[in-house]
Amino acid sequence: MKAQKYSKEGKLLSEIELPAALFESKYSSGAIYDAIKAENANLRSGNHHTKTRSEVSGGGKKPWSQKGTGRARQGSIRAPHWVGGGTVHGPRKRDYSYNVSPKVKRRAVLSVLNKKAQDAVIKVVEDLDPKEFSTKAFAALFSNIGLKNTGVIGFLVGGENDFLKKSVRNIPTVKYINSKRIAVRDILYNRNLVITEAALGEILKHYGEGK
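Residues numbered from 1 in each chain as written. Predicted model: local features only at pLDDT ≥ 70, side-chain atom pairs only at ≥ 80, totals over all residues. Heavy atoms only, no water.

- As recorded in an unreviewed UniProt entry, the chain goes by the name Large ribosomal subunit protein uL4, listed as coming from Leptospira neocaledonica.
- Quoted verbatim from the Sequence similarities (unreviewed entry) field of UniProt, the annotation for the chain is "Belongs to the universal ribosomal protein uL4 family."
- Its UniProt record gives the chain a comment under Subunit (unreviewed entry), which states: "Part of the 50S ribosomal subunit." (UniProt positions renumbered as here; feature names shortened; annotations may be inferred.)

Here's what the structure looks like:
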């Protein structure tokens, strides 16, 4: 599979052959489903919590005598049937997170990359190493590549660069993705995927065939 390669300024340089170890894998919708389901579950906070009768404050004293009042016997004003009492079978704090196997994660990443390559929405750019913050420069880069007003752009870079990250975060249609921490949902949910040469090398190292 092939993709267009651009300079740092967004000038078309050539058409390159994408690494076969990444872009000649079988597509697996099941692996994508499992990986995204796990990622979505890991994003859930799980901090919803209701108090049982043992956790509600007050109610330590029996409200009235067991006999002789003519009223129904009661042991605590914090029983579930009282206003302000504890909740029965309410939601409790829990951890929803779980992990998929590295094999499934790798298959999901390669499947998404292959689908993007088949749809011809992958662009490769030279390595970027800005020395200052400039949202304008990166907006011009994406515009020169031909991605202005084309929807969400996945921007896959190698490693962490504070200047680069903070420069693109003000562009609402650009999703910054670190190649060392790829989430399947990030590379899937976009119209175009821009990959730097360094990021392509990182992906090949971690997800290439034979890994």
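Points about the packing of aromatic side chains
(1) Moving on: Using the criterion set out here, one finds 4 aromatic pairs in the structure.
(2) Moving on: Ring centres of Trp 64 and Trp 82 lie 6.1 Å apart, and the angle between their planes is 45°; this geometry places the pair in the tilted category. One end of the pair, Trp 64, is in the loop between helix H2 (29-43) and helix H3 (102-118); the other, Trp 82, is in the loop between H2 and H3, with 18 residues separating them in the sequence.
(3) Moving on: A relative accessible area of 19% means that Trp 64 is categorised as buried.
(4) Moving on: For the ring pair Phe 133 and Phe 163, a centre distance of 4.7 Å and an interplane angle of 50° mean the geometry is tilted. Placement of the pair is Phe 133 in the loop between strand S3 (122-125) and helix H4 (135-145) and Phe 163 in helix H5 (residues 162-168), with a sequence separation of 30 residues.
(5) Moving on: For Phe 133, a relative accessible area of 49% gives the class partly exposed.
(6) Moving on: By relative accessible area, which is 31% here, Phe 163 ends up partly exposed.
(7) Moving on: Among the aromatic side chains, those forming a connected cluster through ring pairs are Phe 138, Phe 142 and Phe 155.
(8) Moving on: Just above the ring of Tyr 96 sits the side chain of Arg 44; from NZ or CZ to the centre is 3.5 Å.
(9) Moving on: One Lys or Arg, Arg 71, reaches over the ring of Trp 64 and ends 3.9 Å from the middle of that ring. (Phe/Tyr/Trp six-rings, centres within 6.5 Å; stacked < 30°, edge-to-face > 60°. Helix = DSSP H or I, 4+ residues; strand = E, 2+ residues; numbered from the N terminus. Buried < 20%, exposed > 50% of the residue type's maximum accessible area, 1.4 Å probe, protein only. Lys NZ or Arg CZ within 6 Å of the ring centre and 35° of its normal.)

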